[in-house]
Amino acid sequence: MLDTKGCRGQLMNIAQRLLSIDSPSGFTDQVVREAEQIARDHGYAVRRTNKGNLVVSVPGREKGKRVGLCAHIDTLGLMVRSITADGMLMTTRIGGPILPTLDGEYCRIHTRDGRIYTGTILSLSPAAHVFDDVLTRPRDEKNLAVRIDEVVEDRAGVEAPGHRPPGDFVCIDPKTVVTDSGFLKSRFIDDKGSAACLLTLLRLMHIAGQRPRYDTEVCFTVHEEVGHGGATLPQVDELLAVDMGCVGDDLSCTERQVSSCAKDNGGPYDYGMVTRLVELARANAIPYAVDIYPPLLL
């Protein structure tokens, strides 16, 4: 029997390791190396695809089929697009962060030469004492900027010495906390939480000396937030993507259930696989829901 308390501790530890590493789409090498090390520490063979995805190979007990599991370890983020006359950084979105929620958030800026400096994402009308439109000004790419934590007063101050910020990644502080009641609170649990589950599964199989039924490729993708996470994954007979579940209007899933997606705006998912997931949930008394995920509105 598995030590559920120990499993939870391992899961939280791995999740915190992944969440502590900045990894917006296009800037994922360090988090891939972390996941790669976790897999190697437990004796698994790993490789990277040309696209940068990490693939962990797990030999099965039987031949005749090859299956895959995947989760993404890239996150939403920002990139510097320009510098204002007074030394603020204007940004462009990576993926679909909800920009109004970023007003006041701390961030890290990674430069091309390996330096990291910090800042705060702010409205260009940040104070009610000064700006009449503090409540009405949009929080969008034209009206949010990064104030860096350096003594600079103009564009030249930001650019010295030899620094050209356009193209620098702006990484949002995930604010990761594990509460005393056992909850993981963080930005980017989508989908590092799922990646942590898969890495914990690999660890538990290693400790127990267990192998899956079929040869299995466990994949960690790095471009999902910009729409092509599955590109260059190995060819498998079946692939199950593990990602966040939706909770909201017109959906039946709660935070304490497994959510199986039967259809999203791209069309229906494989009927047979969804049915098997439902049957497995029922057979193992796992709370579940089957939902239709609404289209993204960003």
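Here the structure is shown first, and the text comes after it.
Residues numbered from 1 in each chain as written. Predicted model: local features only at pLDDT ≥ 70, side-chain atom pairs only at ≥ 80, totals over all residues. Heavy atoms only, no water.

Q: Can you walk me through the packing of aromatic side chains in this structure?
A: Given two aromatic rings, their pairing is described by the distance between the two centres and the angle made by the two planes. Under the counting rule described, the total for this entry stands at one aromatic pair. Judged by centre distance (4.9 Å) and plane angle (25°), the rings of F27 and F169 are stacked. Remark: F169 occurs in strand β9 (residues 169–172) and F27 occurs in the loop between α1 (4–19) and α2 (29–41); sequence separation between them is 142 residues. Look at F27 and you get partly exposed, because its relative accessible area is 29%. When its relative accessible area of 10% is taken as the criterion, F169 is described as buried. (Phe/Tyr/Trp six-rings, centres within 6.5 Å; stacked < 30°, edge-to-face > 60°. Helix = DSSP H or I, 4+ residues; strand = E, 2+ residues; numbered from the N terminus. Buried < 20%, exposed > 50% of the residue type's maximum accessible area, 1.4 Å probe, protein only.)

Q: Looking at this structure, how should I read the pattern of salt bridges?
A: In this structure the tally under the stated criterion is 16 salt bridges. Among the salt bridges present, the one from R139 reaches D103, with a minimum N-O distance of 2.9 Å. Placement of R139 in the loop between β7 (116–123) and β8 (144–148) and of D103 in the loop between β5 (89–94) and β6 (106–110) is noted, with a sequence separation of 36 residues between them. Judged by its relative accessible area of 28%, D103 is partly exposed. Note that D113 is salt-bridged to R115, the shortest N-O span being 3.2 Å. Overall, the relative accessible area of 52% leaves D113 in the exposed class. Under the relative-accessibility criterion, R115 is labelled partly exposed at 35%. (Salt bridge = Lys/Arg side-chain N within 4 Å of Asp/Glu carboxyl O.)

Q: What am I meant to see in unusual backbone geometry here?
A: The bulk of non-glycine residues show a negative phi, and the bulk of peptide bonds are trans. Omega for the bond connecting D190 with D191 falls within 30 degrees of zero, at 10°, which places this linkage in the cis form. For K175, which is not glycine, the phi torsion reads 55° and is therefore positive. The topology assignment puts K175 in the loop between β9 and β10 (177–178). Positioned with a positive phi, D250 is a non-glycine residue whose angle comes to about 65°.

Q: Please clarify how the sheet that holds β5 should be interpreted in this entry.
A: By definition, the strands of a sheet pair up through backbone hydrogen bonds, in either a parallel or an antiparallel sense. The six strands lie next to each other as β4-β5-β8-β7-β6-β9, forming a closed barrel whose pairing is antiparallel. Strand after strand, the sheet turns through a mean of 40° between neighbouring axes, direction not considered. The pairing of β7 with β8 spans five bridges and is classified as antiparallel. Bridge assignment links T120 to a residue of β8, and that residue is R147. (Pairing = 2+ DSSP bridges. Axes fitted to C-alpha atoms, helices over the stretch in contact; angles between N-to-C directions.)

Q: Looking at this structure, I do not really get the sheet that holds strand β15 (residues 267–268). What am I missing?
A: Spatially, the three strands line up as an open sheet ordered β15-β14-β16, and their pairing is mixed. Lying at the two open borders of the sheet, with one neighbouring strand each, are β15 and β16 (288–292). Its contacts with the sheet place helix α5 (residues 271–283) against β14 (258–264) and β16, and it is angled at close to 155° to β16. (Contact = heavy atoms within 4.5 Å.)

Q: Explanation requested: empty space enclosed by the protein in the structure shown.
A: By rolling a water-sized probe across the atoms, one finds the places where empty space is left. For the coordinates displayed, the defined rule picks out two cavities of 30 Å³ or more. As a volume, the largest cavity reaches approximately 70 Å³. Counting residues per element, the lining of the largest cavity draws most heavily on β9, which supplies three residues. Of the voids in this model, the second largest cavity is the one considered here, and its volume is about 30 Å³. For the lining of the second largest cavity, a count of residues per class yields five nonpolar, one polar and one charged. (1 Å grid on protein atoms, 1.4 Å probe; cavity = no way out; pocket = protein on both sides within 12 Å on 5 of 7 lines; lining within 4 Å. Points joined across faces, edges and corners; volume = space filled by probe spheres on them. Nonpolar A, V, L, I, M, F, W, Y, C, P; charged D, E, K, R; others polar.)

Q: Teacher, can you tell me more about the nonpolar core here?
A: With 44 residues, the main nonpolar core has V56, L89 and F220 as its most contacted residues. Here this core takes six residues from helix α4 (residues 189–208), the largest share from any one element. When sequence neighbours within four positions are dropped, the list of residues in contact with F220 reads N53, L54, V56, A71, I73, A195, L198 and L199. (Core = buried A, V, L, I, M, F, W, Y, C linked by side-chain atoms within 4.5 Å.)

Q: How should I be thinking about the side chain of H223 in this particular structure?
A: In this structure, H223 sits in the loop between β12 (214–221) and β13 (238–241). Residue classification places H223 among the buried residues on the basis of a relative accessible area of 16%. Filtering out sequence-adjacent residues up to four positions away, H223 remains in contact with S25, G26, K51, D74, H228 and G229.

Q: I'm lost on α5 in this one. Help?
A: Along an α-helix, a turn takes 3.6 residues, which lines up residues three or four apart on a common side. Along its 13 residues, α5 runs 18 Å from first to last C-alpha, staying within 8% of the 18 Å computed at 1.5 Å per residue. Among the residues of α5, the N-terminal cap falls to D270, whose side-chain oxygen and the backbone nitrogen of G272 are separated by 3.2 Å. One or two residues past the end of α5 sits A285, with phi positive at roughly 55°. (Expected span 1.5 Å × (residues − 1). Polar contact = N/O pair within 3.5 Å; in protein donor to acceptor, adjacent residues only side chain to side chain.)

Q: Can you walk me through the state of the cysteines in this structure?
A: Any covalent bond linking the sulfur atoms of two cysteines counts as a disulfide. Per the counting criterion, the structure on display carries zero disulfides. Unpaired in this structure, C197 has its nearest cysteine sulfur neighbour in C7, at a distance of 11 Å. Given the relative accessible area of 40%, C197 is considered partly exposed. (Disulfide = S-S within 2.5 Å.)

Interpretation in functional terms is not warranted from these geometric data alone.
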